[in-house]
Amino acid sequence: MAAAAEEAGCRNGNPLQYSCLENPMDGGTLWAAVHGVAKSQTRLSNFTHSGKVEAEHVLASAPSDKNLCRFRAMGCQTTHSNPEVLHSCSLVFFATKPHILPAVLVEVAPAVTAEHILVSVAAGVSLSTLEELLPPTARVLRVSPNLPCIVQEGAMVMVRGRHAGSYEAQLLRSLLEACGQCEEVPEAQVDVHTGLSGSGVAFVCAFSEALAEGAIKMGMPSGLAHRIAAQTLLGTAKVLLQKGQHPAQLRTDVCTPGGTTIYGLHALEQGGLRATAMSAVEAATCRARELSRK
């Protein structure tokens, strides 16, 4: 798919255009392929609502009209030709499934020029693989998103290729701010991000569910317990981010000698919460590394 954001600036005096290629075999998604077409549409809405992208400047590529109708309804341009996206736009998001991406890169490589900025959102596809399949001086970046991007609270990381500089990184970060927080990291940390933040969404949900079920056990209605548990997680996260505190400090602030919290923390320690959470991130990271090598 392709999109142009007027506020993002110009290069060589020309307005920069943005684009994203969808999965040419099963429809793929927008710029976060792992979440499906519906969620990709939500992410585009993040861009448009933030004023960074206008829908009429978006060119979406997919193999069938079924996958493009939602983008047309938003006012986007559409095509069934991936090379057309390269000919029309300067910033291209490759949002295919990982096993499809090499074929897409081979297809569009002849159309890649020095003016293109190419961004992959395909999980597990390394920069070296991307650069091997594209022209030698192609400006390439990788982005690893997570599910909360759909509510503008994502935790994303980005990595630069050999020929991508600060201009390309700043431009991409400016766009992704519409979906949450984006940090630039070395490529070796992308799999760790998957274990911490990609899979971490499920870990946090499991903890939220457990908190609520504890309250249900003690007599609170189910719906109320789940709402309060989720809000507790949200509020705690906001305090940590806004105050910049280490979690241990906030935990200490909540505890009082002989109070309810220290008794509950003791029970968590007996259950091995810390070690289990650390092991979960480790296991997910190791699996991400295994999948990246395939």
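Because the structure is predicted, anything quoted here is derived from the model rather than measured. (Residues numbered from 1 in each chain as written. Predicted model: local features only at pLDDT ≥ 70, side-chain atom pairs only at ≥ 80, totals over all residues. Heavy atoms only, no water.)

Student: Talk me through the overall build of the protein chain; I want residue IDs and the actual numbers.
Tutor: Regarding its fold elements, the protein chain presents 12 helices and 11 strands. Across the 294 residues of the protein chain, 39% fall into the buried class. Here the analysis covers contacts within the protein chain between residues at least 6 apart in sequence; of these, 62% occur between residues at least 24 apart. Accessible surface computed for the protein chain: about 15,100 Å², of which carbon and sulfur atoms make up 58%. (Helix = DSSP H or I, 4+ residues; strand = E, 2+ residues; numbered from the N terminus. Buried < 20%, exposed > 50% of the residue type's maximum accessible area, 1.4 Å probe, protein only. Contact = heavy atoms within 4.5 Å. Areas by Shrake-Rupley, 256 points an atom, 1.4 Å probe, with all protein chains shown as cover.)

Student: Talk me through the layout of surface pockets; I want residue IDs and the actual numbers.
Tutor: Roughly 580 Å³ of internal volume is contained in the second largest pocket. Surrounding the second largest pocket, 29 residues form its lining, Pro98, Ala122, Ala123, Gly124 and Thr194 being those nearest its centre. Counting only elements with at least two residues in the lining of the second largest pocket, the list comes to strand E9 (139-144), helix H7 (190-198) and helix H12 (273-293). When the residues that make up the lining of the second largest pocket are grouped by side-chain class, the tally is 14 nonpolar, 11 polar and four charged. (1 Å grid on protein atoms, 1.4 Å probe; cavity = no way out; pocket = protein on both sides within 12 Å on 5 of 7 lines; lining within 4 Å. Points joined across faces, edges and corners; volume = space filled by probe spheres on them. Nonpolar A, V, L, I, M, F, W, Y, C, P; charged D, E, K, R; others polar.)

Student: Residue-level account of a nonpolar patch on the surface, with values.
Tutor: Among the surface-exposed residues, Phe207, Leu211, Leu268 and Leu273 lie close enough to one another that they form a single nonpolar patch of about 280 Å² accessible area. Along the chain, leucine 273 falls in helix H12. (Patch = residues over 30% accessible without salt bridge, like charges linked within 9 Å, V, L, I, M, F, W, Y side chains within 5 Å. Salt bridge = Lys/Arg side-chain N within 4 Å of Asp/Glu carboxyl O.)

Student: Give me the lowdown on unusual backbone geometry, citing residues and values where you can.
Tutor: In this structure, glutamine 152 takes a positive phi of about 60 degrees despite not being glycine. Here glutamine 152 shows up in the loop between E9 and strand E10 (154-160).

Student: Can you break down the pairing of strand E11 (residues 180-184) residue by residue, with the values?
Tutor: Pairing of E10 with E11 involves five bridges; the strand directions are parallel. Across the sheet, the residue bridging to alanine 155 is glutamine 181, located in E11. Following the chain from E10 across helix H6 (residues 166-176) to the adjacent parallel E11, one finds a crossover that is right-handed. (Pairing = 2+ DSSP bridges. Right-handed = clockwise from strand over helix to strand, strands pointing away.)

Student: Residues and numbers for the pattern of salt bridges, please.
Tutor: This model, assessed by the stated rule, comprises eight salt bridges. Among the ionic pairs, arginine 173 bridges to glutamate 184, the shortest N-O distance being 3.5 Å. Remark: glutamate 184 occurs in strand E11 and arginine 173 occurs in helix H6; sequence separation between them is 11 residues. Judged by its relative accessible area of 23%, arginine 173 is partly exposed. Glutamate 290 is the partner of arginine 287 in a salt bridge, and the nearest nitrogen-oxygen pair spans 3.0 Å. Of this pair, arginine 287 and glutamate 290 both sit in helix H12, three residues apart, roughly one helical turn. Sharing partners across several salt bridges, the network here consists of Arg160, Arg173 and Glu184.

Student: Help me get a handle on the side chain of arginine 142, residues and values and all.
Tutor: Positionally, arginine 142 belongs in strand E9. We classify arginine 142 as buried; its relative accessible area is 9%. Here the side chain of arginine 142 touches glutamate 187 through a polar contact of 2.8 Å, side chain to side chain. Among residues more than four places away in sequence, those in contact with arginine 142 are Ser120, Ala122, Gly124, Val125, Ser126, Leu127, Leu130, Val157, Met158, Val159, Glu187 and Val190. (Polar contact = N/O pair within 3.5 Å; in protein donor to acceptor, adjacent residues only side chain to side chain.)

Student: I'd love a proper account of the packing of H7 against helix H8 (residues 200-217), names of residues and values included.
Tutor: Two elements in contact, H7 and H8, have axes separated by 5 Å at closest approach and are oriented at 25 degrees. Between H7 and H8, the angle is such that the two are roughly parallel. In contact with Thr194, Gly195, Leu196, Ser197 and Gly198 of H7, H8 contributes Gly200, Val201 and Phe203. Classifying every residue of the contact of H7 with H8 gives three nonpolar, five polar and no charged. (Axes fitted to C-alpha atoms, helices over the stretch in contact; angles between N-to-C directions. Parallel < 35°, antiparallel > 145°, perpendicular 65-115°, else oblique.)

Student: Pulling in residues and values, what's your account of the pairing of E9?
Tutor: Within E9, six of the six residues are buried, leaving the element largely enclosed by the surrounding structure. Every second residue of E9 is oriented toward a common face, with Arg139, Leu141 and Val143 on one face and Val140, Arg142 and Ser144 on the other, all of them buried. Where strand E8 (residues 117-120) meets E9, four bridges bridge the pair, whose relative direction is parallel. Its bridge partner lying in E9, serine 120 is registered against arginine 142. With helix H5 (residues 127-133) bridging E8 and its parallel neighbour E9, the resulting β-α-β unit is right-handed.

Student: An account of the environment of arginine 162 is needed here, citing residue identities and associated values.
Tutor: By the secondary structure assignment, arginine 162 is in the loop between E10 and H6. When sequence neighbours within four positions are dropped, the list of residues in contact with arginine 162 reads Glu131 and Pro136.

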